Amino acid sequence: AQSVAQPEDQVNVAEGNPLTVKCTYSVSGNPYLFWYVQYPNRGLQFLLKYITGDNLVKGSYGFEAEFNKSQTSFHLKKPSALVSDSALYFCAVRDRQAGTALIFGKGTTLSVSS
Amino acid sequence: ETGVTQSPTHLIKTRGQQVTLRCSSQSGHNTVSWYQQALGQGPQFIFQYYREEENGRGNFPPRFSGLQFPNYSSELNVNALELDDSALYLCASSSERDSYNEQFFGPGTRLTVL
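In this report, we go over the structure that sits alongside the text. (Residues numbered from 1 in each chain as written. Chains lettered and ligands numbered in written order. Predicted model: local features only at pLDDT ≥ 70, side-chain atom pairs only at ≥ 80, totals over all residues. Heavy atoms only, no water.)

Attention shifts here to the side chain of Gln103(B). For Gln103(B), the location among the structural elements is in the loop between β9 (87-94) and β10 (104-105). Among the polar contacts listed, one links the side chain of Gln103(B) to the side chain of Tyr35(B), at a separation of 3.1 Å. Setting aside anything within four residues of it in sequence, one finds Gln103(B) in contact with Tyr36(A), Thr100(A), Ala101(A), Leu102(A), Ser33(B), Tyr35(B), Gln48(B), Ala92(B), Ser93(B) and Ser94(B). (Helix = DSSP H or I, 4+ residues; strand = E, 2+ residues; numbered from the N terminus. Polar contact = N/O pair within 3.5 Å; in protein donor to acceptor, adjacent residues only side chain to side chain. Contact = heavy atoms within 4.5 Å.)

Structure below.
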């Protein structure tokens with residue numbers, strides 16, 4: 001069965017420091033991987049995706065993610081965190097057995113302190 | 001370009017009742033997916049509609065049903081509501097012209113079942 005795991009419920013970083021939000025996946029074949037962010041009382045906003053090509057993917061708001069096939073990971077990163085980055089982050093993988101549906105992780109709350 | 005919209009924003013129902021949630025897809029999108037996000041969890045795929053036909057379904061009982069209309073808007077119907085149906089219901093639209101079918105999410109409908 002296809003799945004994604006986000007091992008950390010919460011990540012705390014100080015403003016200006018680099019941040020990493022972890023994600024590992026389990027799929028058969030080549031994965032289509034996504035990161036979304038959710039602010040309170042809002043829907044999900046797309047950050048970036050990996051389909052194929054370069055292992056380092058750049059996305060919105062200065063975020064990037066590194067695809068590592070050997071470690072089956074797709075960690076989200078940002079060189080310098082902002083307080084406004086505080087939100088709930090979801091990793092997702094395309095469910096190849098259900099149209100173009102996404103399978104989401106349980107989410108990681110990022111808290112950036114000033 | 002109009003984004004994905006959902007109505008209503010919030011609603012409260014009692015156990016055993018029926019509810020209909022509505023979603024208008026983003027302009028140019030012909031695929032709509034519905035997700036259920038329980039408190040503290042990641043979104044879970046309910047089903048997807050493509051050109052008015054169901055195009056994939058997650059692990060939800062038949063009392064969860066849907067429709068897609070010729071203008072690609074969609075409804076989610078839930079019969080015989082249970083307390084565990086309390087959640088944020090998210091609608092996402094995508095286009096077959098986007099070969100990687102990135103999904104765009106609406107703000108969600110918060111359903112409370114008492």
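A separate point is the environment of Gln41(B). Its place among the elements puts Gln41(B) in the loop between β4 (31-37) and β5 (44-50). Residues Gln41(B) and Ala87(B), 46 residues apart in the sequence, show an inter-C-alpha distance of 9.8 Å.

In this complex, chain B contributes 22 residues to the contact, which on the side of chain A involves 20 residues. Interface area for chain B against chain A, summed over the two sides, is near 1600 Å², with a carbon-plus-sulfur share of 55%. Of the charged contacts, one joins Lys49(A) and Glu102(B) as a salt bridge, the two residues approaching to 3.7 Å between their closest N and O atoms. Here chain B and chain A share 3 residue pairs in polar contact (both at pLDDT 80 or more) between them. Sorting the residues of the side of chain B that touches chain A by element identifies β4, β5, β6 (53-57) and β9 of chain B as the ones contributing at least two each. Residues that form the side of chain B that touches chain A fall into these classes: 8 nonpolar, 12 polar and 2 charged. (Buried area = accessible area lost by both parts, 1.4 Å probe. Salt bridge = Lys/Arg side-chain N within 4 Å of Asp/Glu carboxyl O. Nonpolar A, V, L, I, M, F, W, Y, C, P; charged D, E, K, R; others polar.)

Note that every value here comes from positions in space, so none of it alone points to a role or purpose.
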